[in-house]
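# A structural walkthrough
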Amino acid sequence: MAGRFLVMEGIDGSGKSSQVERLRHWLPRSGLMPPGAKLLVTREPGGTQVGEQVCPILLNPRLAVHRRAELLLFAADRAQHVEAKICPALREGHWVLSDRFSGSTVAYQGYGQGCDLELIHTLEQVATGGLTPDLTLWFDLPPQQARARKPPGRQDRFEGAGLEFTQRVAQGFQRLAMERGWWRIPAGEPRGAVEAAVQAACHSAFAT
Ligand code: TYD
């Protein structure tokens, strides 16, 4: 495919969503994208109309969704996202930036919830159709620090799952980063330094 696919991964509160917004403005002006290419910014779960319907089921802490059902719902959301949004844009030569992708399922449902990792990898192939990111930025932040950053108030199912759960998820991300060659972003640094690290990663991956 002609375009480029970038993904940001990390635990809740690691600061990736605010860096997605900064990249949204910086990347098209960076000189890295070819003329005519647009940047499509999207997210999982919920990057499509279908995904927006699935999202409230997945994130509602009052719904007792079985973990295998949860796994399949994330996979369904992803399949729709890949088919209806990501691949069409990449085929047109556009660039896609997604706040989370299939690594989140390995980390949250696999390492966090204890779902079978082989099953997750099989489902990953089905949901992505074999699409892999050109660059994944891993926002590395200790769970205690991430928790301290989140304002108190209503939490979704995963944010409310407790520190031990988040620690397992964080270990999952660390492992994935090693196995899949993700780019580590030291997310505990001041915001400007994090932004500089994100831009350096993009230059290193895409400058010709
Ligand atoms: P996210 O949209 O990043 O949360 P927020 O809007 O609060 O930044 O993700 C929602 C939650 O879904 C988050 O806790 C991580 C979880 N999640 C999974 O458990 N598995 C997945 O495959 C994905 C994509 C997200």
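Preceding this paragraph is the structure being described.
Owing to the predicted nature of the structure, the values given are computational and were not obtained by experimental measurement. (Residues numbered from 1 in each chain as written. Predicted model: local features only at pLDDT ≥ 70, side-chain atom pairs only at ≥ 80, totals over all residues. Heavy atoms only, no water.)

Moving on, we get to the overall build of the protein. Assigned secondary structure in the protein consists of eight helices and five strands. The helix and strand sequence of the protein, counted from the amino end, reads β-α-β-α-α-β-α-α-β-α-α-β-α. If you line up the protein on its principal axes, its C-alpha atoms span 50 × 35 × 30 Å. Relative to its full complement of 208 residues, the protein shows a buried share of 48%. Contacts in the protein between residues at least 24 apart in sequence constitute 79% of all its contacts with a sequence separation of at least 6. For the protein, the exposed area adds up to about 10,600 Å²; of that, 51% sits on carbon and sulfur atoms. Mean positive and mean negative side-chain charge positions of the protein (24 and 21 charges, respectively) differ by 4 Å. (Helix = DSSP H or I, 4+ residues; strand = E, 2+ residues; numbered from the N terminus. Buried < 20%, exposed > 50% of the residue type's maximum accessible area, 1.4 Å probe, protein only. Contact = heavy atoms within 4.5 Å. Areas by Shrake-Rupley, 256 points an atom, 1.4 Å probe, with all protein chains shown as cover. Lys, Arg positive; Asp, Glu negative; His and termini not counted. Charge placed at Lys NZ, Arg CZ, Asp CG, Glu CD.)

In the contact formed by helix H3 (residues 67–91) and helix H4 (residues 102–112), the axes pass within 11 Å of each other and the chain directions differ by 170°. Viewed along their axes, H3 and H4 adopt a mutual orientation that is roughly antiparallel. Contacts from Glu-70, Leu-71, Phe-74 and Arg-78 of H3 reach H4 at Ser-102, Thr-105 and Gln-109. A breakdown of the residues in the contact of H3 with H4 according to their chemical character gives two nonpolar, three polar and two charged. (Axes fitted to C-alpha atoms, helices over the stretch in contact; angles between N-to-C directions. Parallel < 35°, antiparallel > 145°, perpendicular 65-115°, else oblique. Nonpolar A, V, L, I, M, F, W, Y, C, P; charged D, E, K, R; others polar.)

A separate point is the site of the ligand. Taken together, the neighbourhood of the ligand is formed by 17 residues, with Asp-12, Arg-43, Arg-100, Thr-105 and Gln-109 sitting nearest. The contact in question runs from a nitrogen atom of the ligand to an N or O atom on the side chain of Gln-109, over 2.8 Å. Isolated, the ligand exposes 550 Å² of accessible area, and the fraction of that covered by the protein chains is 89%. In terms of residues, the shell around the ligand owes the most to one element, H4, which gives four residues. (Near = heavy atom within 4 Å. Polar contact = N/O pair within 3.5 Å; in protein donor to acceptor, adjacent residues only side chain to side chain.)

Attention now goes to the sheet that holds strand E3 (residues 95–99). Strand order in the open sheet made by the five strands is E2-E3-E1-E4-E5, with parallel pairing throughout. Across the chains shown, the open sheet's two edge strands, defined by having one partner strand only, are strand E2 (39–43) and strand E5 (183–186). Direction aside, neighbouring strands of the sheet carry axes that sit 20° apart on average. By the bridge criterion, five bridges tie E2 to E3 in an arrangement that is parallel. Counterpart to Leu-40 in the pairing with E3 is Val-96. Of the strands in this sheet, strand E1 (5–10), E2 and E3 are in contact with H3, which crosses E2 at around 160°. (Pairing = 2+ DSSP bridges.)

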